[in-house]
Amino acid sequence: MTSHTPADTFPRQYARTLRYTVGAPRSFSVAPDGSRVVFLRSRSGSDRANLLWTLDTATGEERIAADPAVLLGGGEEDLSPAEKARRERSREGSAGVVGYALDADGKLAAFALSGRLFTADLATGATAELPARGPLLDPRLSPDGAHVAYANTTGELRLTRTDGSGDRALAEPDGPNVTWGQAEFIAQEEMDRDRGFWWSPESDLLLVERADDSPVRRWWIADPANPDREPAEVAYPAAGTANAEVGLWVLDLHGGRTEVSWDREAFPYLARVHWSKGGVPLLLVESRDQRAQRILGVDVATGATDVLFEERDEAWLEAFPGVPAWTPDGKLVRISDEGGVRALVVGDQAVTGADLHVRSVVTVTEEEVFFTASGGAEETDPEPGWIAVGRISHDGKRLAWESSNGRPFTSVTSAVHAGGITVRATAEPDLPGSLVQVARDLPEGVVVDDVAVIASHAETPVITARPVFRFAGERRIPAAVFLPTGYDRERDGLLPVLMDPYGGPHGQRVVQAHNPHLNSQWFADQGFAVVVADGRGTPGRGPAWEKSIAFDFVGATLDDQVDALQALAGEFPLDLDRVAIRGWSYGGYLSALAVLRRPDVFHAAVAGAPVTDWELYDTHYTERYLGHPAERPDVYEANSLNGYAAGLERPLMIIHGLADDNVVAAHTLRLSSALLAAGRPHTVLPLSGVTHMTPQEEVAENLLLLQVDFVKRALGI
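Residues numbered from 1 in each chain as written. Predicted model: local features only at pLDDT ≥ 70, side-chain atom pairs only at ≥ 80, totals over all residues. Heavy atoms only, no water.

Visitor: Describe the pairing of strand E44 (residues 683-687), with residues and values.
Guide: Pairing geometry for strand E43 (residues 652-657) and E44, over five bridges, is parallel. By the bridge assignment for E44, Ile654 is matched with Val684. In this view, the connection linking E43 to its parallel neighbour E44 by way of helix H12 (residues 666-677) has right-handed handedness. (Pairing = 2+ DSSP bridges. Helix = DSSP H or I, 4+ residues; strand = E, 2+ residues; numbered from the N terminus. Right-handed = clockwise from strand over helix to strand, strands pointing away.)

Visitor: Lay out the sheet that holds strand E40 (residues 529-533) in plain terms, naming residues and giving numbers.
Guide: Spatial strand order, E37-E38-E40-E39-E41-E42-E43-E44: eight strands in an open sheet with mixed pairing. The two strands at the open ends of the sheet, each matched to only one other strand, are strand E37 (468-472) and E44. Going across the sheet, the axis of each strand differs from the next one's by a mean of 20 degrees, ignoring polarity. Bridging between E37 and strand E38 (residues 477-482) involves five bridges; their strand directions are antiparallel. Across the sheet, residue Val468 finds its bridge partner in E38, namely Val481. (Axes fitted to C-alpha atoms, helices over the stretch in contact; angles between N-to-C directions.)

Visitor: Which residues make up the packing of helix H8 (residues 553-568) against helix H9 (residues 586-597), and what are the values?
Guide: Closest axis-to-axis distance for the H8/H9 pair is 10 Å, and the angle between their directions is 85 degrees. By the angle class used here, H8 and H9 are roughly perpendicular. Contact with H8, carried on its side by Phe553, Val554, Thr557, Leu558 and Gln561, involves Tyr586, Tyr589, Leu590, Leu593, Ala594 and Arg597 of H9 and no other residues of that element. Class assignment for the residues of the contact of H8 with H9 results in eight nonpolar, two polar and one charged. (Parallel < 35°, antiparallel > 145°, perpendicular 65-115°, else oblique. Contact = heavy atoms within 4.5 Å. Nonpolar A, V, L, I, M, F, W, Y, C, P; charged D, E, K, R; others polar.)

Visitor: Talk me through helix H10 (residues 619-626); I want residue IDs and the actual numbers.
Guide: Quick reminder: α-helices carry 3.6 residues per turn. Residues three or four places apart thus point the same way. The buried count for H10 comes to eight of eight residues, which makes it a mostly enclosed element. By the burial criterion, the buried members of H10 are Thr619, His620, Tyr621, Thr622, Glu623, Arg624, Tyr625 and Leu626. Buried-residue contacts for H10 involve helix H4 (185-190), strand E21 (269-274), strand E22 (282-286), H8, H9 and helix H11 (633-639). Its side-chain oxygen 3.4 Å from the backbone nitrogen of His620, Asp618 forms the N-cap of H10. (Buried < 20%, exposed > 50% of the residue type's maximum accessible area, 1.4 Å probe, protein only. Polar contact = N/O pair within 3.5 Å; in protein donor to acceptor, adjacent residues only side chain to side chain.)

Visitor: Give me the lowdown on the packing of aromatic side chains, citing residues and values where you can.
Guide: For the coordinates displayed, the defined rule picks out 28 aromatic pairs. Ring centres 5.4 Å apart and planes at 90 degrees place the aromatic pair Phe553 and Tyr586 in the edge-to-face group. With Phe553 in helix H8 and Tyr586 in helix H9, this pair connects stretches of sequence that are 33 residues apart. Judged by its relative accessible area of 0%, Phe553 falls in the buried class. According to the relative accessible area criterion, Tyr586 is buried, its value standing at 2%. Summarising the aromatic geometry, the rings of Trp614 and Tyr621 are spaced 6.1 Å apart at their centres and angled 10 degrees between planes, so their arrangement reads as stacked. This pair shows no difference in class: Trp614 is buried, exactly as Tyr621 is. Three or more aromatic residues joined by ring pairs make a cluster, and in this case those are Trp316, Tyr502, Phe553, Tyr586, Tyr589, Trp614, Tyr617, Tyr621 and Tyr625. Sitting over the face of the ring of Phe551, Arg632 holds its NZ or CZ atom 3.8 Å from the ring centroid. (Phe/Tyr/Trp six-rings, centres within 6.5 Å; stacked < 30°, edge-to-face > 60°. Lys NZ or Arg CZ within 6 Å of the ring centre and 35° of its normal.)

Visitor: Quick one: what's the story with the sheet that holds strand E27 (residues 343-346), residue by residue and with numbers?
Guide: Two pairing modes exist for strands in a sheet, parallel and antiparallel, and in both the strands are linked by backbone hydrogen bonds. Read from one edge of the open sheet, four strands run E25-E26-E27-E28, paired in antiparallel fashion. Since the sheet does not close on itself, it has two edges, and those belong to strand E25 (325-326) and strand E28 (349-350), each with one partner. Bridge count for E27 against E28 is two bridges, and the pairing is antiparallel. Each bridged residue has a counterpart across the sheet, and for Val345 the counterpart in E28 is Ala350.

Visitor: Requested: an account of helix H6 (residues 518-525), with residues and values cited.
Guide: Most of H6 is tucked away: seven of the eight residues are buried. Residues of H6 that are buried include every one of Leu518, Asn519, Ser520, Gln521, Trp522, Phe523 and Ala524, and no others. Check the buried side of H6 and you find it contacts helix H1 (10-16), E38, strand E39 (495-499), E40, strand E41 (574-584) and helix H13 (697-715). The positive-phi residue at the C-terminal boundary of H6 is Gly527, with phi of around 110 degrees.

Visitor: How would you explain unusual backbone geometry if you had to name every residue and give the values?
Guide: Glycine aside, residues mostly have negative phi angles, and peptide bonds mostly take the trans form. The omega torsion of the bond from Gly134 to Pro135 falls at 0 degrees, within 30 degrees of zero and hence cis. Backbone torsion omega between Val323 and Pro324 reads 5 degrees, so that peptide bond is classified as cis. Structurally, the position occupied by Pro324 is in the loop between strand E24 (305-312) and E25. Even without being glycine, Ser27 reaches a positive phi, approximately 55 degrees. Among the secondary structure elements, Ser27 is positioned in strand E1 (residues 26-30).

Just geometry here; none of it tells us what the structure is for.
Okay, here's the thing in structure tokens:
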């Protein structure tokens, strides 16, 4: 890690370094023969422009494979609105090379810069710009390295040869709102799928998404600070309204195309596509209510599909990273919630049990499946928040854990693996950032041979996080507590409390790592005892824990914040007469809900970008948890905030970016109107030109300072 600027305060450093991600290595790939590791990293913790790097696993030597400053001649990046939207969906705040794709041998890389197409020969170091009709999106090499397919902002899917010849369209829009080869809004925002086309292993065919968002309702997002600018048109599929029409086609390189058929009326969501060497393509499709899903095999000659597996659940079903997939010998790999346990299944056998909660599949090799997991339903963990990478044999009889520190259950580890090489990144509560090691597989019983450590150029934080982890109360709610640096109980007594949750689906805050807790520690250092609690609905504790919030946000998620607070007060110096709560997005919803519903417990709240009316949020997310608004209007009424406006009797600050196209500013404006109609004073802080990510350095810094000032005044500190 690099040192920080001496004059840095934490808020400024935290904002400037994008939460200490700038300069850290990321996006790792390993060549199939294990000869090289490919990754992204900027030159320093203050430079947001990522370079493409390689590491030679024989020597440990790093080399720059592509430098955006050289390729663009020192000029600034020029991003299309479509690319900016893609980055907003993926929460990407960096610059330069933000993504790349490799050929099957891992020798050639393709990537986009300023909407232009480039390749890098990873063996020779040569780079080239290829002809492309841009601005382009998501270039991907054919496995044989002869072609690059890419989408562009006009909706085309195009193909160009890597020798610099033959750029042409494979599919062109056949309607004004049609795109080929691009993931639609819902897939990007909610399904964790940002791809819209997939090469065949033989490089002769592609599976390509065709999306038509004509049925989707149009919203208009204006910039009130600049009334001379036209509002931006956004196709936003709000709960209960129409989604984009999504289909899948098989395209050959000569213009031939075959439509893939499945019951799209019953299973309209295309959640996953997998096409591995030697196996038929796999699709995971979901019903609109996400209580049913099918794994389909595709006949690429006819477009027909076979149902390989069907699953149903009374609450909902998740789509997990890395599955469905094939083992090399033809067994289906999936993750299942059968029997109340989230297990890894290979063929017909669950190879993990109730002691583990499987989260994703990393890769599938000839003999093993690499996967991530945390503690399971048996609840035997002494502390919450660990995430480990395991490698298990296809029959489940051999299990080993990957971790740079050798303690997989007291850390957060991620990994990639290929060609007998594992790149693992391990974060620990006591150390800033992550340690990234490159290790070579060795025979069982032999000490692992570490090839190299990939250095991080991220800045060292100016403060040190000191989380104390606990399972709180009878429900064993995962929690982390932060006290001011240098706190002395005898001298300082009880502390005002700041609850700092996300508290909702897909948002785990209590993790065995350091950097994710820096924000909470800084708030603690302003004179608070800060409590982060992951109540029911948050990930990592088993299917029943996650699904207990079905059709009920206002009950379980708020109850668990109260229960965690009261349970922890028995051990920590929490002044229960001075309790505030803050959060962003779902955390903002939860914070506003807390002062509206439980003013006896919470005495002030800061709600950032809160969802206040769930009928204004998107289909896939909202209907999964609350159902369809036409079928369950009472559920939507009970879980939205506006109906509780008359109950506000505590100070509430609501913060919202006016350019937010995920949780639109209408949420805050409607709640504010309801509060005004009820005669309830409150504070609204509108942020002109700011999206859901709040990437602007000055905005992000000052938001922290303003929140502290508001909470201190509200609690009389």
